[in-house]
Amino acid sequence: MTTTRAWYSTATVAIMVALSLTIGQSRPSAQPSGDPAIRVGNADLGGVVRSANGPEAGVWVIAETNELPTKLAKIVVTDDQGRYVLPDLPRAEYSVWVRGYGLVDSPKVRTTPGRLLDLHAVVAPSAAAAAEYYPAIYWYSMLKVPDKGDFPGTGPDGNGIAPALKSQAQWLDVVKTNGCYTCHQLGNKATRTIPKALGEFTSSVDAWQRRIQSGQAMLQMTTNLGRLGAPRALKLFADWTDRIAAGELPAARPARPHGVERNVVLTLWDWAGPKNYLHDEVSTDKRNPRVNANGLIFGTTEESTDLFPVLDPVHHKATQVKMLVRDPATPSSKQNTMLPSPHWGPEPIWDSQTSMHNPMFDEKGRVWFTSRVRPPANPDFCRKGSTHPSAKLFPLEQANRHLSMYDPRTGKITLISTCFPTHHLVFAEDANDTLWASAGGPQSGVLGWLDRKTFEQTGDEVRSQGWTALVLDTNGNGKRDDYVEPDQPLDPTRDKRIVAAFYGIAVSPADGTVWGSVLGFPGYVIRVTPGPDPAATALAEVFEPPMPGYGPRGMDIDRHGVVWTPLSSGHMASFDRRKCQGPLNGPKATGGHCPEGWTLYPFPGPQLANVTESGSAEASYYTWVDQFDTFGLGGNVPIATGNANESLLALVNGQFVNLRVPYPMGFYTKWMDGRVDDPGAGWKGRGLWATYSTRTPFHVEGGKGTTSKVVKFQLRPDPLAR
C-alpha cells in the first residue's frame, strides 16, 4: 500500500479587521477598466475586482437572475490581477456581486450583459465575519473526537461509547461518510447552530437529542447516533455547538482558488421544489458522453417525492414527471415515524412510493432508474421452489427497490419488478447492453442484472433478469463449486459464500468484470467475474483497504481497470489489481491479501480534532472517473464529491484540483457525470453535471424555500476566455 500526500495550498487568506469605507455600487461603474485583455461581447460581463487592498485575485464574481423560466446563476473566478469575464449570459437583468475568502459579500449591482463592469470587494471586518463563508469542513473539523484510549467503548454505564466500536477509526467511519454525513452536511450554518424554533432546553445535550428526532429521517438519525453511543456523541456535538456559540472559530482557513481552479465557469439552475431533495442527476450515457448532446438533464428524488425533475439547460426551463408504481399498495415515505421539525413543523414533507435513487442513460437516449414498483415481498418466481435459474440456486424473499425506464421521446414509463434489490446502475459494454445493479446495504448478499437484449426482444421481465450470490474461490481451483455458508469454517474442498452486496458499481472496460464497493468497517471492494452462466459460475474476489484507510462508499473504474473510491478515513483510494503479488484465490485470499494494490491520497482540508492519522475531515460520498476527458483535466481523471469542501475534488497527477461551488453555500452532491455537447467547440462544448443532493435543501444558504440546483462545471483555458 502506498500513501500519497496530495498537494494543496496551505496559504491562508488575510483577514482585515477594518471595514472598507467603500460600500460598493448600486449601478454599473461609470469608469470601467480599460484593460485590453478584458474583452466582452453582447452576452458577457467583464471588469476588475478591487478592494481597499487593491485588486482581489481568486475571488468569485456571481451573476444571478430570476427573469428566466427558472432561476439561473453564473459564477467565475478572478485572475491574478483581479480581472474577470462572465461569458454567455442569457439575455436578462442580473444581480452581480463579489464573494471570496477574507471578504464579506459586496453590495449587489443590477446590470445587463454586454458591459464592462468594475466591482468593489468588501474586506471582512473581523475573522468571525470572514469565517461565515468558509466551507463546512472547516467548522466540522472543530468536533472533538474521543481519544484512541477511550476504545473499545464501554457503553452507557461506562464512557458512553458503543461497545461495538473497537477503535477511534470505527467511530470516525460512523461520524463521517458511513453514518452522520450520509444525507446532508454537518458544519454548515444550519447544523453548527441550534435553531430557536427547535424549542427551549435545559442543556445543549437535550437540544441535540431533540434535534436528531426532527422530520422524517428520525429513525435513520437516531440509529446512527446509537451506533456511536448516544451518551458520548450527544455530549460531543453539544460541546461543538456550545464552543461555536461562544465565539470559537475554525483553526484552519481555506485558501482561495489558484492555478487551474481559476479557470472554472459554473452555471446553476433551480429545479425541483423546496420540499424535494435530489439524490442524483444524469446527462448522458456513461459509455458514450456524446449521447443526449444539449439534451435534458434528469434527476432522482428518492424518498422525497414521486416527481422527478427535468431541466432543459438550453431554454432554462425546469419541469417534473411523475414516476409510477405497479401496485398502489406500495408503501410511502409519508408513513415514516417523525417529530416536528424547526423548518416545517409537524408537516410530513416527504411522500414517495417510488424511492427513485439512481438514473442512467442508455445509448438510445432513454433513462433507467432504480425505483420501487411494488411492496417489498417478492413474487413466487423469486422464491424457494421456483424454476427460475437464479432462484433455484439462491432464492430471494424480498426486494425494496426495482427498475423502471422512461423514454423522453414518447413519455412512456416501463416498470420492471426485480427479485434482487437495486441501488445504483451501470450498463456493460457488451453485446447485450447488460444492466447491472448494486443492492445498497450489504445484507442482501447478491448481485443482480437485466439482460436488456432479451428484455427488449421479449418484454419478459422474468426471463430477462438474474442474480448471483457472492462466492469466493477459497479452494483455489479457479472455478465455482459448492460452497460453505458465511457462518461456517473454510473447507479445503469447497468455496465460501460471503454476506456482502455492492453499493457503488462499475464494469471494467479492460476485461468486463463487475466491481463494487461494500459498506462497513473496514469495508471492501469486490471484483466479480461473471463467467458463461453468472448465476452458477460467477466468482468474487474481495479486497480490503489497508490502514489508515477504511470505509469505502461510491466507487468507479477507469479505462485501465483501476478502481477509485472515497474512504471515510478522509482519503481517495485507488486499487490496481495488477499490482497484487500473492495468490488472488485460495484460503488466504479473503480481503487483506493485496495491500500493495492500494494507494491512498489524503483529501484537502483540515483533519478532525484529536485525530493524528493522515486524511481530513472530508466525508466524500462518491467518486466518478472522467474516462473520456469530458471536463478538460485529462482522460481517466477520478473526481470525488467534496461534500464537506462544498466542491468536486479532481485528482490530477497526484494533486487535488478543488472545484468549489461558493454560492449558495452548502453544495453537497452524491454523483456527477460529464457530457460532450459539441466536440468541435472546445471548452464550451463539454462539461461536468451535478446537483445539490442534500436531503435538507432548507439547510442551504437561503434557508426554507431554497430548492435543489443543477450545477454545470466548465473549464476554460484561462480566467478571461470567452
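Since the model is a prediction, treat every value here as computed from it, not as a measurement.

Participant: I keep staring at the layout of surface pockets and nothing clicks. Help me out?
Facilitator: If you roll a probe as big as a water molecule over the atoms, it shows you where there is empty space left. Of the voids in this model, the largest pocket is the one considered here, and its volume is about 1,500 Å³. What lines the largest pocket is a set of 50 residues, and nearest its centre among them are Gln-220, His-423, Gly-440, Gly-441 and Gln-443. The biggest single contributor to the lining of the largest pocket is helix α6 (residues 218-228), with five residues. For the lining of the largest pocket, the class distribution of residues is 18 nonpolar, 22 polar and ten charged.

Participant: Would you explain the packing of aromatic side chains in this entry?
Facilitator: Each aromatic ring pair is described using two quantities: the centre-to-centre distance and the angle formed by the ring planes. With the rule as written, the count across this model stands at 30 aromatic pairs. With 6.0 Å between their ring centres and 80 degrees between their planes, Trp-368 and Phe-427 make a pair best called edge-to-face. Of the two residues, Trp-368 sits in strand β19 (residues 367-371) while Phe-427 sits in strand β22 (residues 425-427), which places them 59 residues apart along the sequence. Neither residue differs from the other here; Trp-368 and Phe-427 are each classed as buried. Note that Arg-192 overlies the ring of Trp-139, its terminal NZ or CZ placed 4.0 Å from the centroid.

Participant: What is the right way to read the sheet that holds strand β18 (residues 359-361) from this model?
Facilitator: Sheet strands pair by backbone hydrogen bonding; their relative direction is either parallel or antiparallel. The four strands are arranged β18-β19-β20-β21 in an open sheet whose pairing can be described as antiparallel. Strands with a single pairing partner mark the edges of an open sheet, and in this sheet they are β18 and β21 (413-416). Averaged over all neighbouring strand pairs, the angle between strand axes comes to 20 degrees, with direction disregarded. Direction of pairing for strand β20 (residues 402-406) relative to β21: antiparallel, over a ladder of four bridges. Bridge pairing in β21 links Leu-403 to Ile-416.

Participant: Got a minute to help me understand empty space enclosed by the protein in this structure?
Facilitator: For the structure shown, the criterion picks out six cavities of 30 Å³ or more. There is about 660 Å³ of room inside the largest cavity. If you trace the largest cavity, you find 36 residues lining it, with His-184, Arg-211, Ser-214, Met-221 and His-699 closest to the centre. Looking at the lining of the largest cavity, the elements with two or more residues in it are α4 (189-192), α5 (204-211), α6 and α7 (230-245). Considering every element that reaches the lining of the largest cavity, the biggest residue donor is α6, with four residues. Per-class residue counts for the lining of the largest cavity are 20 nonpolar, 13 polar and three charged.

Participant: Even after reading the chapter, I still don't get the pattern of salt bridges, so can you show me in this structure?
Facilitator: Using the criterion set out here, one finds 42 salt bridges in the structure. In this structure, Lys-712 engages Asp-677 in a salt bridge whose closest nitrogen and oxygen atoms are separated by 3.9 Å. Residue Lys-712 is located in strand β43 (residues 709-715), and its partner Asp-677 is located in the loop between β41 (673-676) and β42 (686-691); the two are separated by 35 residues in the primary sequence. Through salt bridges with shared partners, one network takes in Asp-285, Arg-287, Asp-362, Glu-363, Lys-364, Arg-366, Asp-433, Arg-452 and Glu-456.

Participant: Explain the environment of Val-122 here, please?
Facilitator: Within the secondary structure, Val-122 is located in strand β12 (residues 122-123). Expressed as a C-alpha distance, the spacing of Val-122 and Glu-248, which sit 126 residues apart in the sequence, is 23 Å.

Participant: How do you make sense of the packing of α5 against α7 when you look at a structure like this?
Facilitator: The description of two helices packed together rests on the angle between their axes and the distance between the axes. The N-to-C vectors of α5 and α7 enclose an angle of 110 degrees; their axes lie 8 Å apart at closest approach. With respect to α7, the element α5 is oriented roughly perpendicular. Note that α5 runs across α7; the crossing there is right-handed. Only Leu-234, Lys-235, Phe-237, Ala-238, Trp-240, Thr-241 and Asp-242 of α7 make contact with α5, whose side of the interface consists of Ser-204, Val-205, Trp-208 and Gln-209. Grouping the constituent residues of the contact of α5 with α7 by class yields six nonpolar, three polar and two charged.

Participant: Mind showing me how you'd approach unusual backbone geometry here?
Facilitator: Between Phe-151 and Pro-152 the backbone carries a cis peptide bond, its omega angle lying at 5 degrees. Here Pro-152 shows up in the loop between α2 (136-140) and α3 (168-175). Residue Pro-548 is bonded to the preceding Met-547 through a cis peptide linkage, with omega at 10 degrees. Residue placement: Pro-548 occurs in the loop between β32 (539-543) and β33 (556-557). Unusually for a residue other than glycine, Asp-433 sits at a positive phi of about 50 degrees.

Participant: Can you help me understand the environment of Ile-413 in this one?
Facilitator: Along the polypeptide, Ile-413 turns up in strand β21. Judged by relative accessible area, which is 17%, Ile-413 ranks as buried. Linking Ile-413 and Asn-643, residues 230 residues apart in sequence, is a C-alpha distance of 33 Å. Setting aside chain neighbours within four positions, we find Ile-413 in contact with Lys-322, Met-323, Leu-324, Met-405 and Tyr-406.

Participant: Got a minute to help me understand the nonpolar core in this structure?
Facilitator: Side chains that are nonpolar tend, in soluble globular proteins, to be buried together. If you look at the biggest cluster of nonpolar residues, it comprises 119 residues, and the most contacted ones within it are Tyr-140, Leu-143, Trp-171, Val-175, Phe-308 and Phe-713. Among the elements that take part in this core, α7 stands out by supplying seven residues, more than any other. Every residue in contact with Phe-308, bar those within four places of it in the chain, is listed here: Phe-298, Gly-299, Thr-301, Thr-319, Gln-320, Val-321, Lys-322, Met-323, Met-356, Phe-369 and Tyr-406. Listed in part, the 31 residues of the second largest apolar core include Val-76, Leu-119, Trp-271 and Leu-311.

Cut-offs used in this document
- Residues numbered from 1 in each chain as written.
- Predicted model: local features only at pLDDT ≥ 70, side-chain atom pairs only at ≥ 80, totals over all residues.
- Heavy atoms only, no water.
- 1 Å grid on protein atoms, 1.4 Å probe; cavity = no way out; pocket = protein on both sides within 12 Å on 5 of 7 lines; lining within 4 Å.
- Points joined across faces, edges and corners; volume = space filled by probe spheres on them.
- Helix = DSSP H or I, 4+ residues; strand = E, 2+ residues; numbered from the N terminus.
- Nonpolar A, V, L, I, M, F, W, Y, C, P; charged D, E, K, R; others polar.
- Phe/Tyr/Trp six-rings, centres within 6.5 Å; stacked < 30°, edge-to-face > 60°.
- Buried < 20%, exposed > 50% of the residue type's maximum accessible area, 1.4 Å probe, protein only.
- Lys NZ or Arg CZ within 6 Å of the ring centre and 35° of its normal.
- Pairing = 2+ DSSP bridges.
- Axes fitted to C-alpha atoms, helices over the stretch in contact; angles between N-to-C directions.
- Salt bridge = Lys/Arg side-chain N within 4 Å of Asp/Glu carboxyl O.
- Parallel < 35°, antiparallel > 145°, perpendicular 65-115°, else oblique.
- Left-handed = near helix turned anticlockwise from the far one by under 90°.
- Contact = heavy atoms within 4.5 Å.
- Core = buried A, V, L, I, M, F, W, Y, C linked by side-chain atoms within 4.5 Å.

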